[in-house]
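# Report on the structure
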Amino acid sequence: MTGVVVKSTGSWYWVRTESHAQIQCRIRGKFRTKGIKSTNPLTVGDHVDFEMELNTNTGVITNIHDRKNYIVRKSVNLSKQTHIIAANIDLAFLLVTLDNPPTFPPFIDRFLATAEAYGIEAILLFNKMDLNDEKLESKKNELVKIYSDIGYQCIEMAATENMNIEKVKNLMLGKISMFSGHSGVGKSTLINAIDPSLQLKTAAVSSQHKQGQHTTTFAEMFAIPTEPESYIIDTPGIKGFGVVDFEKHEISDYFPEFFARKDQCKFNNCLHVNEPKCAVKQALENGEISTSRYRSYLQLLEGEEENYRTNTYDF
């Protein structure tokens, strides 16, 4: 039997069959996917083969199909473990809030670079727009300009007010979409607005630390009753986004505005740091590439983790 993993709790996987039945399955023995060392060999969105166990309602996964893509992050805590967030994704939505909690450019840039690296279209959703004061509105406008000038679609929304929900639903039509972001940015609220029947749990943001509380503990895929059918992958809130296995000479390829100029650099192997006649550095000086994007690039190049003490909206 074949199906799609729709939920994983670490040791058990819920597999949805073509007839929309959900079978609780496990993996027998060691199960490793080629070339990926991660805490989870299987993830939501994986297509698998499984067999039913005798005299039970549970199954055993015997094979994982090749993935068309996946999105992966490295834990920013001491373990530095790699975790595959989801697989076989058509769209990756990153929810961004300017406050309660703040989402800073280094986090956005790491998410976008990872989506570029694995060939996944990414869209930025600027949520809680109804709560912005004049100062936050100005910051939001700067961020929207930076990312829309690069070519990323940016949608301003307010999930609690149903602002631009239909626009997001239309983009998702017939696709598998992943929603990601910090805890508290409104992922569950947005998904409830898209399909109120799901009734996902939501929680208020801590006013003291301006951080969200985890309401989603495991990634899970939900079918949305549209024509054609759409799927949402809801993911747990993530604090930091450590990138995985980026080679130094490849990193600029995952910044579209750098990649577009690399042929104009004097040296083929230009890293856009100290080399003479670098088209990327020239574009930075001309104001065609944002300071925050270049700073994020240098941070990745030097293998630095996101530094929360220096997180800023200084563009």
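Calculation notes
- Residues numbered from 1 in each chain as written.
- Predicted model: local features only at pLDDT ≥ 70, side-chain atom pairs only at ≥ 80, totals over all residues.
- Heavy atoms only, no water.
- Helix = DSSP H or I, 4+ residues; strand = E, 2+ residues; numbered from the N terminus.
- Buried < 20%, exposed > 50% of the residue type's maximum accessible area, 1.4 Å probe, protein only.
- Contact = heavy atoms within 4.5 Å.
- pLDDT = per-residue confidence, 0-100.
- Pairing = 2+ DSSP bridges.
- Right-handed = clockwise from strand over helix to strand, strands pointing away.
- Core = buried A, V, L, I, M, F, W, Y, C linked by side-chain atoms within 4.5 Å.

## Things to note about the overall build of the protein chain
Scanning the protein chain for helices and strands turns up seven helices and 13 strands. Evaluated residue by residue, the protein chain yields a buried proportion of 51% over its 315 residues. A separation of at least 24 residues holds for 64% of the contacts in the protein chain among residues at least 6 apart in sequence.

## Focus on the confidence of the model for the protein chain
Per-residue confidence for the protein chain gives a mean pLDDT of 87; residues scoring 70 or more make up 86%. Taken element by element, the predicted model of the protein chain shows its lowest mean pLDDT in strand S6 (residues 70–74) (85) and its highest in helix H5 (residues 256–259) (98). Ignoring residues within four places in sequence, the model shows residues 205–216, a span with pLDDT below 50, making 32 contacts including any to other chains.

## Concerning the environment of isoleucine 150
Structurally, the position occupied by isoleucine 150 is in helix H2 (residues 134–150). Each C-alpha atom of the pair isoleucine 150 and proline 256 lies 6.8 Å from the other, and the pair is 106 residues apart in sequence. Once you skip the residues sitting within four places of it in the chain, isoleucine 150 turns out to touch Pro256, Glu257 and Arg293.

## Observations regarding helix H7 (residues 291–301)
Counting buried positions over the 11 residues of H7 gives eight, a clear majority of the element. Along H7, the residues that are buried comprise Ser292, Arg293, Tyr294, Ser296, Tyr297, Gln299, Leu300 and Leu301. Of the surrounding elements, those touching the buried residues of H7 are helix H1 (105–117), H2, H5 and helix H6 (279–285). Positioned one or two residues after H7, glycine 303 has a phi angle of 70°, which is positive.

## What to know about the pairing of strand S13 (residues 230–234)
Of all five residues that make up S13, five are buried, and the element is covered over most of its length. Residues of S13 alternate between two faces, with Ser230, Ile232 and Asp234 on one and Tyr231 and Ile233 on the opposite face, all of them buried. Taken together, the four bridges between strand S11 (residues 176–180) and S13 define a ladder with parallel strand orientation. Bridge pairing in S13 links serine 177 to isoleucine 232. In terms of strand pairing, strand S12 (residues 220–224) meets S13 through five bridges, oriented antiparallel. If you follow isoleucine 224 over to S13, its bridge partner there is serine 230. If you look at the hairpin formed by S12 and S13, you'll find five residues sitting between the two strands.

## With respect to the environment of lysine 262
Mapped onto the elements, lysine 262 comes out in the loop between H5 and H6. Assessed through its relative accessible area of 25%, lysine 262 is described here as partly exposed. Spatially, the C-alpha atom of lysine 262 lies 7.0 Å from that of valine 280, the residues being 18 residues apart in sequence. If near-sequence neighbours (up to four positions away) are discounted, lysine 262 is found in contact with Asp253 and His272.

## Points about the pairing of strand S8 (residues 91–96)
For S8, the buried fraction is high: six of the six residues fall into the buried class. Neither face of S8 is open: one carries Leu91, Phe93 and Leu95, the other Ala92, Leu94 and Val96, and all of them are buried. Between the parallel pair S8 and strand S9 (residues 121–126), the chain is carried across by H1, and the sense of this crossover is right-handed. One ladder, built from four bridges, connects S8 with S11; its direction is parallel. Counted as the bridge partner of phenylalanine 93 is phenylalanine 179 from S11.

## Some remarks on unusual backbone geometry
Among all residues save glycine, negative phi is the norm, and among peptide bonds the norm is trans. Following asparagine 100, the chain continues into proline 101 via a peptide bond in cis, with omega recorded as -5°. Residue placement: proline 101 occurs in the loop between S8 and H1. Across the junction of glutamate 227 and proline 228, the peptide omega takes the value 0°, indicating a cis bond. As for its placement among the helices and strands, proline 228 is situated in the loop between S12 and S13. The backbone phi angle of lysine 128 is positive, close to 65°, even though this residue is not glycine. Along the polypeptide, lysine 128 turns up in the loop between S9 and H2.

## Overview of the nonpolar core
Counting residues in hydrophobic clusters, the biggest one holds 37 residues, and the most contacted among them are Phe111, Leu124, Phe126, Tyr147 and Met178. Elements that contribute at least two residues to this core include exactly strand S1 (2–8), strand S7 (82–87), S8, H1, S9, H2, S11 and S13. For this core, the element with the highest residue contribution is H2, accounting for six residues. Here leucine 124 is in contact with Leu94, Val96, Ile108, Leu112, Tyr147, Gln153, Cys154 and Ile155, once residues within four sequence places are set aside. Residues Ile155, Ile165, Met172 and Ile194 belong to the second largest nonpolar core, which totals 21 residues.

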